[in-house]
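Fold and contact review
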Amino acid sequence: MTSPRPTTTLWRPTGPEELALVRRLDWKAWPPRLPEQPIFYPVLNEDYAIRIARDWNVKHDGAGFVTRFQVDSAFLARYPVQQAGGRTILELWVPAEELDEFNAHIVGPIEVVHEFR
């Protein structure tokens with residue numbers, strides 16, 4: 001019996017519209033980016049995701065959600081960690097044109113772990 005490939009836990013703060021699209025995709029993938037969104041950026045820690053969902057998504061969208069999901073670690077190695085501010089503000093920058101391939105490496109469902117209104 002082979003052991004499963006290692007995965008990395010990622011979080012994504014999101015608003016209600018994007019979350020509805022994830023639901024339509026059966027919690028298995030992220031929707032295509034809009035033309036003004038050239039990068040999909042999951043984050044590497046839950047606290048950072050909470051801050052964005054609570055402080056930004058609620059203000060702009062009326063609600064904010066934090067999702068958690070697993071991605072094949074070997075695949076993620078192609079994306080260098082980006083420090084977007086302080087030492088715990090860490091993201092991966094996935095070009096929009098690579099999102100389908102990224103989605104193919106999600107392991108298990110995308111889960112909502114926090115909700116803010």
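These remarks concern the structure in this document. Just so it is clear, the structure is predicted and the values come from calculations on it, not from any experiment.

In this structure, W30, F69, V71, L76 and F102 are the most contacted members of the largest nonpolar core, which totals 15 residues. Elements supplying a minimum of two residues to this core: β3 (64-72), α3 (73-76), α4 (99-104) and β7 (106-116). Excluding residues within four positions of it along the chain, V71 makes contact with P6, T7, T8, L10, L76, F102, H105, I106 and V107. Counting 10 residues, the second largest nonpolar core, distinct from the first, contains I50, A53, V66 and F116.

This paragraph deals with a nonpolar patch on the surface. Taken together, the side chains of I39, Y41 and W93 define a hydrophobic patch exposed on the protein surface, amounting to about 270 Å² of accessible area. Tracing the backbone through its elements, the reader meets W93 in the loop between β5 (90-92) and β6 (94-95). Note on W93: relative accessible area 39%, which makes it partly exposed.

According to the stated counting rule, one finds eight salt bridges in the structure shown. The partner of E18 in a salt bridge is R12, with the nearest N and O atoms 3.2 Å apart. Overall, the relative accessible area of 6% leaves R12 in the buried class. Between E115 and R117 there is a salt bridge whose closest N-O contact spans 2.8 Å. Sharing partners across several salt bridges, the network here consists of R12, E18 and R33.

Moving on to the side chain of D72. For D72, the location among the structural elements is in strand β3. Of the residues examined, D72 reaches a relative accessible area of 9% and is grouped as buried. In this view, D72 contacts R5, P6, T7, H105 and V107; residues no more than four positions away in its chain are not counted.

A few words now on the sheet that holds β3. Taken together, the three strands give an open sheet; going across it, the order is β1-β3-β7, and neighbouring strands pair in antiparallel fashion. Every other strand in the sheet has two partners, leaving β1 (7-14) and β7 as the edge strands with one partner each. In this sheet, neighbouring strand axes are inclined to one another by 20° on average, regardless of whether the strands run parallel or antiparallel. When β3 meets β7, the two strands line up antiparallel, connected through seven bridges. Residue pairing in the sheet places G64 in a bridge with F116 of β7. Packing against the sheet, helix α1 (residues 16-24) makes contact with β1, β3 and β7, and its axis sits at approximately 130° to β1.

Cut-offs used in this document
- Residues take numbers from 1 onward in each chain, read along the sequence in its written order.
- Owing to the predicted nature of the model, reporting of local features is limited to residues with pLDDT of at least 70; listing and counting of side-chain atom pairs is limited to 80 or more, with chain, interface and lining totals taken over all residues.
- Computation of side-chain values covers all heavy atoms of the structure but excludes hydrogens and water.
- In plain words, nonpolar cores are sets of buried Ala, Val, Leu, Ile, Met, Phe, Trp, Tyr and Cys residues tied together by side-chain atoms within 4.5 Å.
- Using a 1.4 Å probe on the protein chains alone, a residue whose accessible area is under 20% of its type maximum counts as buried, one over 50% counts as exposed, and one in between counts as partly exposed.
- Every helix listed is a DSSP run of H or I at least four residues long, and every strand listed is a run of E at least two residues long, numbered separately from the N terminus.
- Here, two residues are considered to be in contact whenever any of their heavy atoms come within 4.5 Å of each other.
- What goes into a patch is any residue over 30% in relative accessible area without a salt bridge, connected to like charges within 9 Å or, for nonpolar side chains (Val, Leu, Ile, Met, Phe, Trp, Tyr), within 5 Å.
- Using a 1.4 Å probe, the Shrake-Rupley method yields the accessible areas, and only the shown protein chains count as cover for residues.
- Salt bridge, as applied in this entry: a Lys or Arg side-chain nitrogen positioned within 4 Å of an Asp or Glu carboxyl oxygen.
- A strand pair is defined by DSSP finding two or more bridges across the two strands.
- Geometry is summarised by axes, namely lines fitted to C-alpha atoms with helices restricted to the contacting stretch, and by angles between N-to-C directions that run from 0 to 180 degrees.

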